[in-house]
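Observations on the three-dimensional arrangement
So you can see what is in the structure, the chains are spelled out below.
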Amino acid sequence: MRANAPRIDPADLDPVREFRACPIGLHSPALEAMLNILRAGTMGGKYCIICLEPHRKWALGRLSGIRGVPPEVVPDVEYDDLEEAEWDVFRRRWEAETGTRLPPEFDAPLRETPTNRAGESR
């Protein structure tokens with residue numbers, strides 16, 4: 001958690017539910033405010049998504065915080081669903097910002113069978 005920064009109330013889970021339901025796209029003002037907090041501040045060590053194969057494969061990364069120094073890939077964490085990657089980064093940044101884990105209701109994968117943008121099962 002950053003000193004003197006706007007804080008996220010760990011009990012306010014409605015924006016978390018909204019993000020989980022739709023990680024990509026337009027969001028409510030409350031969720032936008034939460035995302036601004038999660039995306040702001042010191043970049044060094046912050047989790048990010050690294051594209052390995054366009055539209056097919058992503059990896060978890062950590063930002064260096066130094067301009068021109070690329071992010072570091074976190075070993076053994078890859079995704080074949082961009083929304084799952086977005087959710088994982090959100091969850092990790094939430095925990096870093098609030099110092100708390102999200103409740104168990106958020107532990108399950110977003111969906112059982114990942115789908116592509118056309119809605120077809122992979």
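One can find the structure itself at the top, above this paragraph.
Residues numbered from 1 in each chain as written. Predicted model: local features only at pLDDT ≥ 70, side-chain atom pairs only at ≥ 80, totals over all residues. Heavy atoms only, no water.

Checked against the element boundaries, Ser 28 lands in the loop between helix H1 (14-21) and helix H2 (29-39). Looking at Ser 28, the relative accessible area reads 25%, which means it is partly exposed. Remark: the alpha-carbon pair of Ser 28 and Pro 15, spanning 13 residues in sequence, is separated by 7.9 Å. (Helix = DSSP H or I, 4+ residues; strand = E, 2+ residues; numbered from the N terminus. Buried < 20%, exposed > 50% of the residue type's maximum accessible area, 1.4 Å probe, protein only.)

Before going further, it helps to examine H1. Looking at H1, one finds that the buried residues are Pro 15, Val 16, Phe 19 and Arg 20. The buried residues of H1 all sit within an arc of 140° when viewed along its axis, so they share a single face. Across H1 from its buried face, at more than 90 degrees, point the exposed residues Asp 14 and Ala 21. In this structure, the buried side of H1 is in contact with H2 and helix H3 (82-98). (Arc of directions from axis to C-beta. Contact = heavy atoms within 4.5 Å.)

With that settled, consider the environment of Pro 109. Within the element layout of this structure, Pro 109 appears in the segment after H3. Along the backbone, Pro 109 and Glu 84 are 25 residues apart, and their C-alpha atoms lie at a distance of 7.4 Å.

Tracing the sequence through the fold places Arg 93 in helix H3. Comment: no salt bridge for buried Arg 93; closest opposite-charge side chain is Glu 86, at 7.9 Å. In this structure, Arg 93 is in contact with Leu 38, Arg 39, Lys 46, Tyr 47, Cys 48 and Leu 63, ignoring residues within four places of it in sequence. (Lys, Arg positive; Asp, Glu negative; His and termini not counted. Salt bridge = Lys/Arg side-chain N within 4 Å of Asp/Glu carboxyl O.)

Examined bridge by bridge, strand S1 (residues 47-53) and strand S2 (residues 57-62) share 6 bridges and lie antiparallel to one another. Across the sheet, the residue bridging to Tyr 47 is Arg 62, located in S2. Between the end of S1 and the start of S2, which pair antiparallel, lie 3 residues, with His 55 showing a positive phi angle near 65°. Direction of pairing for S2 relative to strand S3 (residues 72-79): antiparallel, over a ladder of 4 bridges. The residue of S3 that forms the bridge with Trp 58 is Tyr 79. (Pairing = 2+ DSSP bridges.)

On inspection of all chains with the given rule, the structure shows 8 salt bridges. Here Glu 105 and Arg 17 are joined by a salt bridge, their closest N and O atoms 3.1 Å apart. Taken together, the positions of Glu 105 in the segment after H3 and Arg 17 in helix H1 put the pair 88 residues apart, joining distant regions of the chain. Its relative accessible area of 46% is what places Glu 105 among the partly exposed residues. Note that Arg 92 and Asp 88 form a salt bridge whose closest N and O atoms lie 3.0 Å from each other. Linking Arg 92 with Asp 88, this pair stays in helix H3, spanning 4 residues, or about one helical turn. Looking at Arg 92, the relative accessible area reads 22%, which means it is partly exposed. Of the residues examined, Asp 88 reaches a relative accessible area of 10% and is grouped as buried.

Core analysis: the biggest nonpolar cluster contains 14 residues, and Val 16, Met 34, Trp 87, Phe 90, Trp 94 and Leu 102 have the highest contact counts within it. Those elements that place two or more of their residues in this core are H1, H2 and H3. Setting aside anything within four residues of it in sequence, one finds Val 16 in contact with Met 34, Trp 87, Phe 90, Trp 94, Leu 102 and Phe 106. Counting residues in each nonpolar core, the second largest holds 8 residues, with Leu 60, Tyr 79, Ala 85 and Val 89 among its members. (Core = buried A, V, L, I, M, F, W, Y, C linked by side-chain atoms within 4.5 Å.)

Take it as geometry only, folks, not as evidence of what the structure does.
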